[in-house]
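Next come the chains, spelled out residue by residue.
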Amino acid sequence: AQSVTQLDSHVSVSEGTPVLLRCNYSSSYSPSLFWYVQHPNKGLQLLLKYTSAATLVKGINGFEAEFKKSETSFHLTKPSAHMSDAAEYFCVVSDRRGQNFVFGPGTRLSVLP
Amino acid sequence: DTAVSQTPKYLVTQMGNDKSIKCEQNLGHDTMYWYKQDSKKFLKIMFSYNNKELIINETVPNRFSPKSPDKAHLNLHINSLELGDSAVYFCASSQRLGREAFFGQGTRLTVV
């Protein structure tokens, strides 16, 4: 069975400083991993995905994530935060058969001016 | 051109009523899902259909019944609504099992 841990329920950064949102996963199979963003009162938008190709994955809006199998991690980073990045971020793990698509509890990102 | 659309966006209803939420995707995907997001933002899968066949049915009260008339539609019918059913319900679709899912805008259900 898969599971996802997002170590921080809330992260606050200043505009222009780096963002790090942490995600650790547990999977019995080779996982696919995703990051989604949810802006207030909006649906979920895919930021990026890892599906066994390059371990460093680039996504939209300047975000990227690195798959580290030895650490079972898939942390999300961005070099410079923008006010519009303030949202809820979800890390998701899926096994390759797709029988299960499991969300982490989410991390709320606040960006201070 | 909305890829995954669900209606209505907001639904306020009294306890005991029966209601439906509709979902349509125009992406040509084989797999569709219903998720429930609670007040703490936690998302949990409820159902998954692949080619109109039910493949995931999590521990959900049998008052909830999904219906997939064709691959492009997955509707959610809820009988005898309870206060605890209040949540945001998201429909999603993916090209096939295990691929990234595309989400609708959500339906905020409030049971009073």
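See the structure above.
Residues numbered from 1 in each chain as written. Chains lettered and ligands numbered in written order. Predicted model: local features only at pLDDT ≥ 70, side-chain atom pairs only at ≥ 80, totals over all residues. Heavy atoms only, no water.

## Examining the overall build of chain B
Of the regular secondary structure elements, chain B holds 0 helices and 11 strands. For chain B, the α and β elements follow one another from N to C terminus as β-β-β-β-β-β-β-β-β-β-β. Taking 112 residues into account, the globule formula puts the C-alpha radius of gyration at 13 Å, and chain B, at 13 Å, falls close to it. Judged by the C-alpha coordinates and their principal axes, chain B covers about 35 × 30 × 25 Å. When the 112 residues of chain B are sorted by exposure, 46% land in the buried category. The contacts in chain B between residues at least 6 apart in sequence include a share of 54% that link residues at least 24 apart. In the structure as shown, chain B presents an accessible area of about 5,600 Å², 47% of it carried by carbon and sulfur atoms. Treating the 14 positive side-chain charges of chain B as one cloud and the 11 negative ones as another, the clouds have centres 4 Å apart. (Helix = DSSP H or I, 4+ residues; strand = E, 2+ residues; numbered from the N terminus. Rg over C-alpha atoms; globule rule 2.2 N^0.38 Å. Buried < 20%, exposed > 50% of the residue type's maximum accessible area, 1.4 Å probe, protein only. Contact = heavy atoms within 4.5 Å. Areas by Shrake-Rupley, 256 points an atom, 1.4 Å probe, with all protein chains shown as cover. Lys, Arg positive; Asp, Glu negative; His and termini not counted. Charge placed at Lys NZ, Arg CZ, Asp CG, Glu CD.)

## A closer look at the state of the cysteines
Residues and elements named next belong to chain A. Counted according to the given criterion, the structure contains 2 disulfides over all chains. Between Cys 23 and Cys 91 runs a disulfide, and the two sulfur atoms are separated by 2.0 Å. In this structure, the disulfide formed by Cys 23 and Cys 91 twists by about -65° around the S-S bond and is classed as left-handed. Taken together, the residues Cys 23 in the loop between strand 3 (19–21) and strand 4 (24–26) and Cys 91 in strand 10 (residues 87–95) connect sequence positions 68 residues apart. (Disulfide = S-S within 2.5 Å.)

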